[in-house]
Amino acid sequence: DSFEHGSHGYNFQGIKKNIGKIETIEKYICDNQLEIADALVKQIRKYSGAKTNSSTVICLYALGYDGGFFLYGNKIFINVSQCLDNWFAIITHEMYHARKMKFRSKIDRVFCNMTLLSNASIIHKMSVLFAEEGIATLIEHDGKKPADVVEIRDKHSCLKKIIILAHHNKIKKMQVWEYFNEHNLRYQLGWLIAYEIYEEFGVEGLDCWSINGDINRYFESELEWL
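Just so you know, the residues in each chain are numbered from 1, in the order the chain's sequence is written. Local features in this predicted model are restricted to residues whose pLDDT is 70 or higher, and side-chain atom pairs enter the listing and the counts only when it is 80 or higher, whereas totals over whole chains, interfaces and linings include all residues. Note: side-chain values were computed over all heavy atoms of the structure, leaving out hydrogens and water.

On to the packing of helix H3 (residues 33–45) against helix H4 (residues 87–97), then. Note on geometry: axes are lines fitted to C-alpha atoms, helical ones only across the stretch in contact, with angles between N-to-C directions running from 0 to 180 degrees. Under the scheme used here, helices are H or I runs from DSSP no shorter than 4 residues and strands are E runs no shorter than 2 residues, and both carry numbers assigned from the N terminus. Running from amino to carboxyl end, H3 crosses H4 at an angle of 65°, the nearest separation of the two axes being 10 Å. Crossing geometry of H3 relative to H4 is assigned as right-handed. Between H3 and H4, the residues in contact are Ile 36, Ala 39, Leu 40, Gln 43 and Ile 44 and Trp 87, Phe 88, Ile 91, Thr 92, Met 95 and Tyr 96, respectively. The residue classification treats Ala, Val, Leu, Ile, Met, Phe, Trp, Tyr, Cys and Pro as nonpolar and Asp, Glu, Lys and Arg as charged. All others, Gly included, are polar. Looking at the contact of H3 with H4 residue by residue, the class counts come to 9 nonpolar, 2 polar and no charged. When the near helix sits turned anticlockwise from the far one by under a right angle, the crossing is termed left-handed; a clockwise turn instead gives a right-handed crossing. When checking whether two residues touch, look at their non-hydrogen atoms; a contact exists if any pair is within 4.5 Å.

Before going further, it helps to spend a moment on the packing of aromatic side chains. Pairing of aromatic side chains requires ring centres within 6.5 Å, counting the rings of Phe and Tyr and the six-membered ring of Trp. Pairs whose planes differ by under 30 degrees are stacked, by over 60 edge-to-face, and all others tilted. The tally for this structure, following the rule as stated, stands at 8 aromatic pairs. Residues Phe 69 and Phe 77 carry aromatic rings whose centres are separated by 4.9 Å and whose planes lie at 10° to one another, so their mutual orientation is stacked. One aromatic cluster is present, built from ring pairs that chain together Tyr 28, Trp 87 and Phe 88. Over the face of the ring belonging to Tyr 96 we find Arg 99, whose NZ or CZ atom lies 3.9 Å from the ring centre. Any Lys NZ or Arg CZ found within 6 Å of a ring centre and within 35 degrees of that ring's normal is scored as a charge over the ring.

For salt bridges, the criterion is a side-chain nitrogen of Lys or Arg within 4 Å of an Asp or Glu carboxyl oxygen. This structure, assessed with the given rule, holds 7 salt bridges. Across the salt bridge formed by Lys 27 and Asp 31, the nearest N and O atoms sit 2.7 Å from each other. Separated by 4 residues within a single helix, Lys 27 and Asp 31 lie in helix H2 (residues 19–31), roughly one turn from each other. The exposure classification of Lys 27 matches that of Asp 31, with both residues exposed. Glu 151 is paired through a salt bridge with Lys 155; the nearest N and O atoms lie 3.2 Å apart. Separated by 4 residues within a single helix, Glu 151 and Lys 155 lie in helix H7 (residues 149–167), roughly one turn from each other. For every residue, the accessible area (1.4 Å probe, protein chains only) is compared with the maximum for its type, and the residue is labelled buried under 20%, exposed over 50%, or partly exposed between those bounds.

Right, dumping it as structure tokens:
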């Protein structure tokens, strides 16, 4: 009975409730693979000059509550039960992560998954994740502006204050990283930065940010702490 009601993170109850829609989406994707693949590439190219990986395999599943994720290599996993109405958007997000990348960018992404916690490394990790997840989220929302801009800017201000405190050893550096992750700033603030860069500098600006890590070129006054 506990499994039936969704404990243990399996979401069996939600799957049972939406099984018909899940099966319909799965069939639609399988029956229209070429058309969907073409549409995915077109949407990503609106916001990135990076080449998509034509060998990427999309694996559909339904258990749990995660919307989807990318594994290094050529596989992305999409939880259909969690994106019944926005599965295409979620796939574009993960497809961006699966794009072809320069060696330096790959190393940066690996570094972001390591537990090196000096102040310098945390700020570098945040800047990489802002670009990676910010652009992916902008693509997911097809260039739309975040709805909660005021709240995001407030969190941005708090983050800057926490970084300054950590720099002066007033708080532990781990608290910077905890605040960054607790408030999902890689997605929220990253999306806002990506939107503003795209509005002013287009695809070239986003590529400069994601490939060369050159965010200060465009946001020096607002994000000088990076």
